Amino acid sequence: MLFATFIDELLKAPEFNIFLRLIVAIVLGIVVGLGKEFFVKPAGFRVSVLTTIASCLITLVGVYSFPEAISSIILGVLIFSGLITLGIINNNRGEYQGLVSASMIVLCAVIGVVSATGMYFAAVCTTLLTIIAMIIMKAVEKKVLVEGYVLNLIVDIHNPVLKNLLDIFNNYHLSPTLMDSKVVLYERKECIKIRVEFVRATPKTDIERVIPIINEKINPLSVSLRNDTYGVIR
């Protein structure tokens, strides 16, 4: 009887509720971070957990100390998470990178807020549905959406790269379907950007194999490998 009374009092204590909501936020942040590490690209496991904890803690302050201003506090948390994403997204000469990581930050902030308000079912369902969506999209990407790979190089404007690049592809039996080049600004100076397209049948590993050779023989300023659906993948 005394034990049941103790448990009942413990569950009603605000300190226990604060601890429980923080634990839920941490666990769900870990799940989202692990999902992104496994299904997309490692770009912030610790960031996802810290974002979830921070948003949950700030919301808890509003729930318990400033309930009349809780809507403004939640809005501030979401605006702040949006500002963080601006530093993650990188416009690399018209090719946006970091969009998935930015979305993860916003999602983790929302999960932290929902956990802090005690809506555990909504927070857990959101996390599980996110992981399921990642699994489905990974399978779809492999089977349907990836149409081919694109290799982008940025080289000094005086670098005679085209002949060397063709020699490397010939030596490794790679047949690009399209090669084009244009003058771009890179680190405040004029450079040449070369775009090399490969068909879907070309294995990604075969293209990755020549990248160290390209770095050694051509010495580009930048090299990136992407698929033409989801942007930069290397």
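Here the structure is a predicted model, which means the values were calculated and not measured.

## Considering helix H7 (residues 161-171)
Part 1 of the reasoning: Taken residue by residue, H7 has Val161, Leu165, Ile168 and Phe169 as its buried positions. Viewed end-on, H7 has its buried residues packed into an arc of 95°, placing them on one side of the element. Exposed residues on H7 whose side chains face more than 90 degrees from its buried face are Lys163, Asn170 and Asn171.
Part 2 of the reasoning: The first or second residue beyond H7 is His173, which carries a positive phi of 60°.

## Concerning helix H8 (residues 204-217)
Part 1 of the reasoning: Across its 14 residues, H8 extends 21 Å between first and last C-alpha, which sits within 8% of the 20 Å expected from 1.5 Å per residue.
Part 2 of the reasoning: Here H8 has its buried residues at Ile207, Val210, Ile211, Ile213 and Ile214.

## Regarding the packing of aromatic side chains
Part 1 of the reasoning: The tally for this structure, following the rule as stated, stands at 1 aromatic pair.
Part 2 of the reasoning: Ring geometry for Phe169 against Phe198: centres 5.6 Å apart, planes inclined by 90°, an arrangement best described as edge-to-face. Residue Phe169 is located in helix H7, and its partner Phe198 is located in strand E5 (residues 189-199); the two are separated by 29 residues in the primary sequence. Per residue, the accessibility class of Phe169 equals that of Phe198, and both read buried.

## Here's the deal with the pattern of salt bridges
Part 1 of the reasoning: The final tally for this structure, using the stated rule, is 2 salt bridges.
Part 2 of the reasoning: One salt bridge connects Glu197 with Arg195, and the closest N-O pair in it is separated by 2.9 Å.
Part 3 of the reasoning: According to the relative accessible area criterion, Glu197 is partly exposed, its value standing at 22%.
Part 4 of the reasoning: Residues Lys204 and Glu208 are paired through a salt bridge, measuring 3.7 Å at the closest nitrogen-oxygen approach. One end of the pair, Lys204, and the other, Glu208, are both in helix H8, 4 residues apart, so they sit about a helical turn from each other.
Part 5 of the reasoning: Under the relative-accessibility criterion, Glu208 is labelled partly exposed at 28%.

## Some points on the environment of Ser55
Part 1 of the reasoning: Of note, Ser55 is situated in helix H3 (residues 45-65).
Part 2 of the reasoning: For the pair Ser55 and Ser81, spaced 26 residues apart in sequence, the C-alpha separation works out to 8.6 Å.
Part 3 of the reasoning: Leaving out residues up to four positions away in the same chain, Ser55 has contacts with Val77, Cys108, Ala109, Gly112 and Val113.

## Remarks on a nonpolar patch on the surface
Part 1 of the reasoning: On the surface, a nonpolar cluster with roughly 610 Å² of combined accessible area is contributed by Leu75, Ile79, Phe80, Leu83, Ile84 and Leu86.
Part 2 of the reasoning: In this structure, Ile79 sits in helix H4 (residues 70-88).
Part 3 of the reasoning: On the accessibility criterion, Ile79 (49% relative accessible area) is partly exposed.

## Some thoughts on the nonpolar core
Part 1 of the reasoning: One finds Leu151, Leu165, Phe169, Ile194 and Ile214 to be the most contacted residues of the largest nonpolar core, which totals 21 residues.
Part 2 of the reasoning: Counting only elements with at least two residues in this core, the list comes to strand E3 (148-156), H7, E5, H8 and strand E6 (222-227).
Part 3 of the reasoning: Of the residues forming this core, the biggest block, 5 residues, is contributed by H8.
Part 4 of the reasoning: Each residue touching Phe169, except ones within four places of it in the same chain, is listed here: Leu151, Leu174, Pro176, Met179, Val196, Phe198, Val210 and Ile214.
Part 5 of the reasoning: Ranked by size, the runner-up nonpolar core spans 9 residues in total, among them Val24, Val32, Met104 and Val114.

## Observations concerning the environment of Thr177
Part 1 of the reasoning: Within the element layout of this structure, Thr177 appears in the loop between H7 and strand E4 (178-186).
Part 2 of the reasoning: Its relative accessible area of 47% is what places Thr177 among the partly exposed residues.
Part 3 of the reasoning: Separated by 21 residues in sequence, Thr177 and Phe198 have C-alpha atoms that sit 5.5 Å apart.
Part 4 of the reasoning: The residues touching Thr177, leaving out its near neighbours within four places in the chain, are Glu197, Phe198 and Val199.

## Some remarks on unusual backbone geometry
Part 1 of the reasoning: Positive phi, close to 60°, is recorded for His173, a residue that is not glycine.
Part 2 of the reasoning: Turning to its location among the elements, His173 is positioned in the loop between H7 and E4.
Part 3 of the reasoning: With a relative accessible area of 71%, His173 lands in the exposed category.
Part 4 of the reasoning: Unusually for a residue other than glycine, Asn219 sits at a positive phi of about 55°.
Part 5 of the reasoning: Mapped onto the secondary structure, Asn219 falls in the loop between H8 and E6.

Rules and cut-offs
Residues numbered from 1 in each chain as written. Predicted model: local features only at pLDDT ≥ 70, side-chain atom pairs only at ≥ 80, totals over all residues. Heavy atoms only, no water. Buried < 20%, exposed > 50% of the residue type's maximum accessible area, 1.4 Å probe, protein only. Helix = DSSP H or I, 4+ residues; strand = E, 2+ residues; numbered from the N terminus. Arc of directions from axis to C-beta. Expected span 1.5 Å × (residues − 1). Phe/Tyr/Trp six-rings, centres within 6.5 Å; stacked < 30°, edge-to-face > 60°. Salt bridge = Lys/Arg side-chain N within 4 Å of Asp/Glu carboxyl O. Contact = heavy atoms within 4.5 Å. Patch = residues over 30% accessible without salt bridge, like charges linked within 9 Å, V, L, I, M, F, W, Y side chains within 5 Å. Areas by Shrake-Rupley, 256 points an atom, 1.4 Å probe, with all protein chains shown as cover. Core = buried A, V, L, I, M, F, W, Y, C linked by side-chain atoms within 4.5 Å.

That's the geometry; what it means functionally is another story.
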